[in-house]
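Residues per chain are reported as follows:
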Amino acid sequence: MSQLFQIHPDNPQSRLISQAVEIIKKGGVIVYPTDCAYALGCHLGDKSAVEKIKRIRKLDDKHNFTLVCRDLSEIGTYAKVNNSVYRLLKSMTPGAYTFILNATTEVPRRLLHPKRRTIGLRIPQNNIALQLMEALGEPIMSTSLIMPGEELPLIDPYEIRDLLQHDVDLVIDGGYCGMEATTVINLVDDVPVVIRRGAGDVSDFE
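Quick notes on the rules
Each chain carries its own residue numbering, running from 1 in the direction its sequence is written. Where local features are concerned, this predicted model is filtered to residues with pLDDT of at least 70; where side-chain atom pairs are given and counted, the filter is 80 or more; whole-chain, interface and lining totals use all residues. Just so you know, side-chain values use all the structure's heavy atoms and leave hydrogens and water out. Side-chain rings of Phe, Tyr and Trp, where Trp is taken by its six-membered ring, are said to pair if the distance between their centres is within 6.5 Å; with planes under 30 degrees apart they count as stacked, over 60 as edge-to-face, and otherwise as tilted. The helix count covers DSSP runs of H or I at least four residues long, the strand count covers runs of E at least two residues long, and both are numbered beginning at the N terminus. Only protein chains enter the accessibility calculation, which uses a 1.4 Å probe; a residue whose area is less than 20% of its type maximum is buried, one above 50% is exposed, and one in between is partly exposed. One bridge is not enough; two strands pair if DSSP finds at least two bridges between them. Whenever a helix is involved, its axis is fitted only over the stretch in contact; in every case the axis is a line through C-alpha atoms, and angles between N-to-C directions fall within 0 to 180 degrees. Contact between two residues is taken to exist if any of their heavy atoms lie within 4.5 Å; hydrogens are not considered. Note: the arc covers the axis-to-C-beta directions of the helix. In protein, a polar contact requires one atom able to donate a hydrogen and another able to accept it; more generally it is a pair of N or O atoms within 3.5 Å, and residues adjacent in sequence count only if both atoms are side-chain atoms.

Here we look at the packing of aromatic side chains
A complete count under the given rule lists one aromatic pair for this structure. Note on Tyr97 and Phe99: the rings are 6.0 Å apart at their centroids and 25° apart in plane angle, and the pair reads as stacked.

Observations regarding unusual backbone geometry
A cis amide bond, omega -5°, links Thr93 with the succeeding residue Pro94. Note on placement: Pro94 falls in the loop between helix H4 (83-92) and strand E5 (97-102). Positive phi outside glycine occurs at Arg117, with the angle close to 50°. The topology assignment puts Arg117 in the loop between E5 and strand E6 (118-122).

Focus: the pairing of strand E3 (residues 38-43)
Among the six residues that make up E3, five are buried, leaving the element largely enclosed by the rest of the structure. Strand direction decides the pairing type here: strand E2 (residues 30-33) and E3, joined by four bridges, are antiparallel. The residue of E3 that forms the bridge with Ile30 is Gly41. Following E2, the chain reverses through four residues before pairing antiparallel with E3. Inspection of the sheet shows E3 paired to strand E7 (residues 140-144) by five bridges, in the antiparallel sense. Opposite Gly41, over in E7, you have Ser142 as the bridge partner.

Digging into the sheet that holds E3
Consider a sheet: its strands pair through backbone hydrogen bonds, and that pairing is either parallel or antiparallel. The strand order E1-E8-E2-E3-E7-E4-E6-E5-E9-E10 describes an open sheet built from ten strands, whose pairing is mixed. Edge positions in the open sheet fall to strand E1 (3-6) and strand E10 (193-196), since each of these has one partner strand only. For this sheet the average axis-to-axis angle between neighbouring strands, irrespective of direction, equals 35°. Against the sheet, helix H2 (residues 47-57) engages E3 and E7, with an angle of about 155° to E3.

Digging into helix H5 (residues 127-136)
By the burial criterion, the buried members of H5 are Ile128, Ala129, Leu132, Met133 and Leu136. Within H5, the buried residues cover an arc of 130° as seen down the axis, which keeps them to one side. Considering only its buried residues, H5 is in contact with helix H1 (14-25), E2, E3, strand E4 (66-68), E7 and strand E8 (170-173). Put simply, Asn126 is the residue that caps the front of H5, since its side-chain oxygen is 3.0 Å from the backbone nitrogen of Ile128.

This is a description of form; function is not addressed.
Pasting the structure below:
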């Protein structure tokens with residue numbers, strides 16, 4: 001059965017953050033809050049944890065996984081970013097956006113779109129998520145917690161635990177964090193193309 005941690009959204013308890021990170025390092029799958037909704041996350045190098053997330057969400061190999069990063073310095077490690085794209089990212093992060101970018105060789109092949117070698121990257125505005133990544137020292141491989149056949153993410157940590165108690169290792173109750181997925185912006189060709197409207201404002205691109 002999965003564990004349940006109640007972590008304060010404004011002042012996350014360092015002891016619980018450390019315990020959650022140990023679960024990630026040991027190959028666990030966690031449910032954690034972001035600035036848009038709850039997400040599934042695991043260590044980016046753990047193949048079995050990634051496969052478990054695919055089974056939970058019934059994802060195929062064409063799904064673009066997202067690396068949730070602490071800041072822009074990490075994005076440069078995992079994605080190819082020129083100066084104009086960097087300036088755009090700087091103006092829009094942290095926030096409720098996922099950016100599709102060309103991946104570097106640092107990204108495990110199994111996380112990439114099989115034909116396009118792209119990866120999703122985002123920097124959330126959520127203290128719990130940022131503290132998790134700070135303690136982990138690298139991005140968290142993530143995907144929104146949207147169950148098969150549903151359009152909106154799950155929002156109640158206790159309902160999530162009841163549903164996924166045998167599928168995930170930890171559910172973090174970080175309070176209400178929204179129920180709208182991120183806005184997804186494709187920057188592969190350097191020109192912003194909105195491919196999913198979500199919580200992030202896209203009025204500048206219309």
